[in-house]
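Structure at a glance
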Amino acid sequence: MPKGRYQVVLDDNLFKDYHKFKNGEKLEKGEIERIKCLLHYFKGELITNIAQYERTGQPLSPEMKKALAKNGLKRQTKEELAQSRTMYKVILCCGCSDFPYVNVTSDEEKIENNLSSFYDFAEKRDKAIKHLKALCSGAKKIVVYDLYFDKQPKETRNIKTLISILPRKKLTLLFSNITQEGLKALKEECEEWEAQLDVTLKGRHDRYIIVDDKIEIILSSGFDHLSDDSSDFMYVVRVTDKSRF
C-alpha cells in the first residue's frame, strides 16, 4: 500500500472515541454509534501528532512520542496534517461539515464513502454485470434512467444487458426512455415483468439504476457501456432512504 494513501485525520472528539474503542474500554451508547459511523469512513491508519495526544489527554509512550517526532509529527494543526499527510485531504469529525471536515454522523454530509468500480478502455465488464445482478436480485421495482437508453443500435444491446441482470420474478420496471419495441422485448422475455415508459422521469444529467428506492447505482457513461468496452466506465453504488425521482 503506498505510504499516505489511506491515512486519515480525526478531530479530537473522534480521536478520543477511537482510542477508547481500540483499547477495549467500555463505550457508552453515543460512543458506540459514533464508532460505527467512523468505521464506515475509516480507511488504513490514523495520522496524528504529539499535540493531539496532549490536547486530548491520551497516553503517549516515550517510544511513540519519539517515533512521531522523528517523522515530523509534532505541532501541526489538524488542517495542516490533513493537507500535508493524507491523500483525501479531509478530517473526520462528528460536529462540523465545513471543508475539510467530514461529519461522519450526519445524514446531510455531502462527502460520502460509497462503493465504486472503474473500468478502463477495453476492460471486460463481466464482474460489474454480476454485481448489478446481485444488487437487483431481490428487487420489486427498478427505475432505469438514461436519456440515451432507447437510441439505436444501443437499445437492442441495452435490453440484452438489462435482461442479464434482472431477476425472473414479478417486477415493476420504469424507464425514462424506451421504445415500444424495447417494452415488447422485455415482456416476451418474462411475463412477470411489468415494464413501462414513465415520462415523469426527467431533469437529470447522470444515468441511474434505482432499486426499490433504496439503492442508487450511478452509471458514469451510460447504461450501454456496461457491455460496450470501447470507452472507460465507472459506477457508484449509494444506499439511500429515498429515490431522487
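Residues numbered from 1 in each chain as written. Predicted model: local features only at pLDDT ≥ 70, side-chain atom pairs only at ≥ 80, totals over all residues. Heavy atoms only, no water.

Brief notes about the overall build of the protein chain
A tally of regular secondary structure across the protein chain gives eight helices and 11 strands. In terms of C-alpha radius of gyration, the protein chain reaches 23 Å, well past the compact-globule figure of 18 Å for 245 residues. Projected onto its principal axes, the C-alpha positions of the protein chain cover 75 × 40 × 30 Å. Within the protein chain, the fraction of its 245 residues that count as buried is 44%. When contacts within the protein chain are restricted to residue pairs at least 6 apart in sequence, long-range pairs at least 24 apart make up 62% of them. As displayed, the protein chain has an accessible area near 14,300 Å², and 51% of this comes from carbon and sulfur atoms. Measuring between centres, the 43 positive side-chain charges of the protein chain sit 4 Å from its 39 negative side-chain charges. (Helix = DSSP H or I, 4+ residues; strand = E, 2+ residues; numbered from the N terminus. Rg over C-alpha atoms; globule rule 2.2 N^0.38 Å. Buried < 20%, exposed > 50% of the residue type's maximum accessible area, 1.4 Å probe, protein only. Contact = heavy atoms within 4.5 Å. Areas by Shrake-Rupley, 256 points an atom, 1.4 Å probe, with all protein chains shown as cover. Lys, Arg positive; Asp, Glu negative; His and termini not counted. Charge placed at Lys NZ, Arg CZ, Asp CG, Glu CD.)

Focus: the sheet that holds strand E2 (residues 45-46)
Strand-to-strand pairing in sheets goes through backbone hydrogen bonds, with the strands running parallel or antiparallel. On the basis of which strands lie adjacent, the open sheet formed by four strands has the order E2-E1-E3-E4 and parallel pairing. Edge strands, defined here as strands with exactly one partner in the open sheet, are E2 and strand E4 (101-103). Both strand E1 (residues 7-10) and strand E3 (residues 91-93) contribute to a ladder of two bridges, which runs parallel. When the sheet's bridge partners are listed, Val-9 is paired in E3 with Ile-91. Sheet strands in contact with helix H5 (residues 78-85) are E1, E3 and E4, and its direction is about 170° off that of E1. (Pairing = 2+ DSSP bridges. Axes fitted to C-alpha atoms, helices over the stretch in contact; angles between N-to-C directions.)

Notes on the layout of surface pockets
In this model, the largest pocket occupies a volume close to 820 Å³. Forming the boundary of the largest pocket are 25 residues, of which Asp-107, Glu-109, Glu-112, Arg-238 and Val-239 lie nearest the centre. The set of elements that each furnish at least two residues to the lining of the largest pocket consists of helix H2 (29-41) and strand E11 (233-239). Estimated volume of the second largest pocket: approximately 430 Å³. Lining the second largest pocket are 20 residues, and of these Leu-46, Ile-47, Thr-48, Met-64 and Leu-68 lie nearest its centre. Those elements that place two or more of their residues in the lining of the second largest pocket are helix H1 (12-22) and helix H4 (62-70). The residue inventory of the lining of the second largest pocket, partitioned by class, reads 10 nonpolar, seven polar and three charged. (1 Å grid on protein atoms, 1.4 Å probe; cavity = no way out; pocket = protein on both sides within 12 Å on 5 of 7 lines; lining within 4 Å. Points joined across faces, edges and corners; volume = space filled by probe spheres on them. Nonpolar A, V, L, I, M, F, W, Y, C, P; charged D, E, K, R; others polar.)

Here we look at the sheet that holds strand E8 (residues 193-197)
With mixed pairing, the seven strands of this open sheet are ordered in space as E5-E11-E10-E9-E6-E7-E8. The open sheet has two free edges, formed respectively by strand E5 (115-119) and E8, since each of these has just one partner strand. In this sheet, adjacent strand axes meet at a mean angle of 15° when their direction is disregarded. Where strand E6 (residues 141-145) and strand E9 (residues 207-211) come together, four bridges link them in antiparallel fashion. Bridge pairing links Tyr-145 to Tyr-208 in E9. Contacting E5, E6, E9, strand E10 (215-219) and E11, helix H6 (residues 126-136) runs over the sheet at an angle of about 20° to E11.

Topic: the pattern of salt bridges
Tallying each qualifying case throughout the model produces 15 salt bridges. For Lys-20, the salt bridge identified is with Glu-31, shortest N-O distance 3.1 Å. With Lys-20 in helix H1 and Glu-31 in helix H2, this residue pair connects regions lying 11 residues apart in the sequence. Take Glu-31: its relative accessible area is 13%, and that puts it in the buried class. The partner of Glu-33 in a salt bridge is Lys-36, and the shortest N-O contact between them spans 3.8 Å. Of this pair, Glu-33 and Lys-36 both sit in helix H2, three residues apart, roughly one helical turn. Residue Lys-36 is classed as exposed on the basis of its relative accessible area, which comes to 53%. Each of Glu-112, Glu-216, Arg-238 and Arg-244 takes part in one network of salt bridges that share partners. (Salt bridge = Lys/Arg side-chain N within 4 Å of Asp/Glu carboxyl O.)

Side note on the pairing of E8
As judged from the five bridges shared by strand E7 (residues 171-175) and E8, these two strands associate in the parallel manner. When the sheet's bridge partners are listed, Phe-175 is paired in E8 with Leu-197. A crossover connection joins E7 to the parallel E8 through helix H8 (residues 180-189); in handedness this β-α-β unit is right-handed. (Right-handed = clockwise from strand over helix to strand, strands pointing away.)

Some words on the side chain of His-19
Mapped onto the elements, His-19 comes out in helix H1. Beyond its immediate chain neighbours, meaning those up to four positions away, His-19 contacts Leu-46, Tyr-53 and Gln-58.

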